[in-house]
Amino acid sequence: MTNDAMKSSRFEIEELLYGYDALMPQISEETMRYHHDRHYATYVAKLNELSLDTPFAGQPLEDVVRSADGPLFNNAAQAWNHAFLFRSLSPAPQTAPDGALLAAVERDFGSFEALRTRMIDTAVGLFGSGWCWLSKDSSGRLRVEARANAGNPLCDGLVPLLCIDVWEHAYYIDYRNRRADAVKALWERIDWRTVGERYGR
Ligand code: FE
């Protein structure tokens, strides 16, 4: 393989759309630096290592998440999940859904506040490491669920709308063992405009 072909088959680290300190005070600069530059970057590096010279090299990351298993799935999904999470947050978020997404939230959960409670409880209730997801099925119905480790709704044909990282590395620097406080703080940084755009796609 030439250097150029090798380069094009590599998965890239997505840069943050905001500064490392832009989500303070809810998420510290130190957490963002560790989370993005160490944890997320390591998943991408490992994904590149594991996919090298396999049919997965050069595939869209979503396709790798849907079809790989074992360590390759774990690192591909962690790479995808983190990029998705970081894109869900904003220094100046739209703090509540509107339009079609709001209508779906009210239809499926009763209210936005009920969705918030449900997601926080689900994130806090997950035993061990993993993610709390909001996704939609093929009929547009919303669902909230926890998935262990690198779990991703793409694997079940669902459309991911939002994820909350409940691995300890996501909050231990700022919140120590207080996962509920970390999730409630993160909630304030979720940009519902971005989530709504995903719902409308
Ligand atoms: Fe993480």
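The text that follows walks through the structure, step by step, so that each part is easy to find. (Residues numbered from 1 in each chain as written. Predicted model: local features only at pLDDT ≥ 70, side-chain atom pairs only at ≥ 80, totals over all residues. Heavy atoms only, no water.)

Our focus in this paragraph is the coordination of the iron ion. With distances of 1.8 to 2.1 Å, the protein atoms coordinating the iron ion are His35 (NE2), His82 (NE2), Asp165 (OD) and His169 (NE2). For the iron ion, all donor residues lie on one chain, and their spacing in sequence is H-x46-H-x82-D-x3-H. A residue pair is termed long-range when its members are at least 10 positions apart, and His35 in helix H2 (residues 29-51) and Asp165 in strand S3 (residues 159-165) qualify at 130 residues. Here the two residues His35 and Asp165 agree in accessibility, since each one is buried. (Donors = N, O, S within 2.8 Å, 3.2 Å for Na, K, Ca; no water. Helix = DSSP H or I, 4+ residues; strand = E, 2+ residues; numbered from the N terminus. Buried < 20%, exposed > 50% of the residue type's maximum accessible area, 1.4 Å probe, protein only.)

This brings us to the sheet that holds strand S2 (residues 142-148). Pairing in this open sheet of three strands is antiparallel, and the strands run S2-S1-S3 from one edge to the other. Unpaired on one side and paired on the other, S2 and S3 mark the two borders of the sheet. Strand-to-strand twist in this sheet, taken as the mean axis angle between neighbours without regard to direction, amounts to 25°. Where strand S1 (residues 130-136) and S3 come together, six bridges link them in antiparallel fashion. In the strand pairing of S3, Lys136 is matched with Val159. (Pairing = 2+ DSSP bridges. Axes fitted to C-alpha atoms, helices over the stretch in contact; angles between N-to-C directions.)

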